[in-house]
Amino acid sequence: QVQLVESGGGLVQPGGSLRLSCAASGFTFSRYGMRWYRQAPGKAREFVAFITTTGGSTNYPNSVKGRFTISRDNAKNTVYLQMNSLKAEDTAMYYCNIVGVDYWGQGTQVTVSS
């Protein structure tokens, strides 16, 4: 069955960096675009990043553009999110998602605080 396991979250100071990973299994990873989303307490889930099947194209909202980078390794069935210049408003639970599939993993918590 489909499984997505996010990892790499933690507590980081403002201006710091984190790299999130999402290990996928149970489907043909290389055939699907992938997205990262985040959800802060009391707020709606927010789109963070998108990557095509080959990694040749990516897309970000203005809130993270220039600071976050999505990438993927199809040999490892893994999608990554490199987050730099982190801000307090980036604090949230982060989830990866398969484009077109309504499935969510457990997420990984990112907390940006001094």
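See above for the structure.
About the cut-offs
- Residues numbered from 1 in each chain as written.
- Predicted model: local features only at pLDDT ≥ 70, side-chain atom pairs only at ≥ 80, totals over all residues.
- Heavy atoms only, no water.
- Phe/Tyr/Trp six-rings, centres within 6.5 Å; stacked < 30°, edge-to-face > 60°.
- Helix = DSSP H or I, 4+ residues; strand = E, 2+ residues; numbered from the N terminus.
- Buried < 20%, exposed > 50% of the residue type's maximum accessible area, 1.4 Å probe, protein only.
- Lys NZ or Arg CZ within 6 Å of the ring centre and 35° of its normal.
- Pairing = 2+ DSSP bridges.
- Axes fitted to C-alpha atoms, helices over the stretch in contact; angles between N-to-C directions.

### Some words on the packing of aromatic side chains
Under the defined criterion, the tally for this structure stands at five aromatic pairs. Measuring from ring centre to ring centre gives 5.3 Å for tyrosine 37 and tryptophan 104, while their planes differ by 80°; the resulting arrangement is edge-to-face. Highlighted residues: tyrosine 37 in strand β4 (residues 34-39) and tryptophan 104 in the loop between β9 (92-98) and β10 (108-112), separated in sequence by 67 residues. The exposure class of tyrosine 37 is buried, given its relative accessible area of 16%. Classification of tryptophan 104 as partly exposed rests on a relative accessible area of 26%. Ring centres of tyrosine 95 and tryptophan 104 lie 6.2 Å apart, and the angle between their planes is 85°; this geometry places the pair in the edge-to-face category. Given the relative accessible area of 13%, tyrosine 95 is considered buried. Within the aromatic cluster, the residues linked to one another by ring pairs are Tyr37, Phe47, Tyr95 and Trp104. One Lys or Arg, arginine 45, reaches over the ring of tyrosine 95 and ends 5.0 Å from the middle of that ring.

### A closer look at the sheet that holds β9
Taken in spatial order, the six strands make up an open sheet running β2-β10-β9-β4-β5-β6, and their pairing is mixed. Edge positions in the sheet fall to β2 (10-12) and β6 (58-59), since each has one partner strand and no second. In the sheet, β9 pairs with β10 via three bridges, with the strands oriented antiparallel. Paired with alanine 92 across the bridge in β10 is valine 110.

### Examining the sheet that holds strand β1 (residues 3-7)
The antiparallel open sheet is built from four strands, whose spatial order is β1-β3-β8-β7. Strand pairing shows two members of the sheet lacking a second neighbour, β1 and β7 (68-73), which therefore form its edges. Across the sheet, the mean angle separating the axes of adjacent strands is 15° when strand polarity is ignored. Of the strand pairs in this sheet, β1 and strand β3 (residues 18-25) are connected by five bridges, and their pairing is antiparallel. The partner of glutamate 6 across the bridge, within β3, is cysteine 22.

### Observations concerning unusual backbone geometry
With phi around 55°, asparagine 77 is a residue other than glycine that occupies positive phi space. Tracing the chain through its elements places asparagine 77 in the loop between β7 and β8 (78-83). For serine 85, which is not glycine, the phi dihedral falls at a positive 50°. Here serine 85 is to be found in the loop between β8 and β9. Judged by relative accessible area, serine 85 falls into the partly exposed class, the value being 43%.

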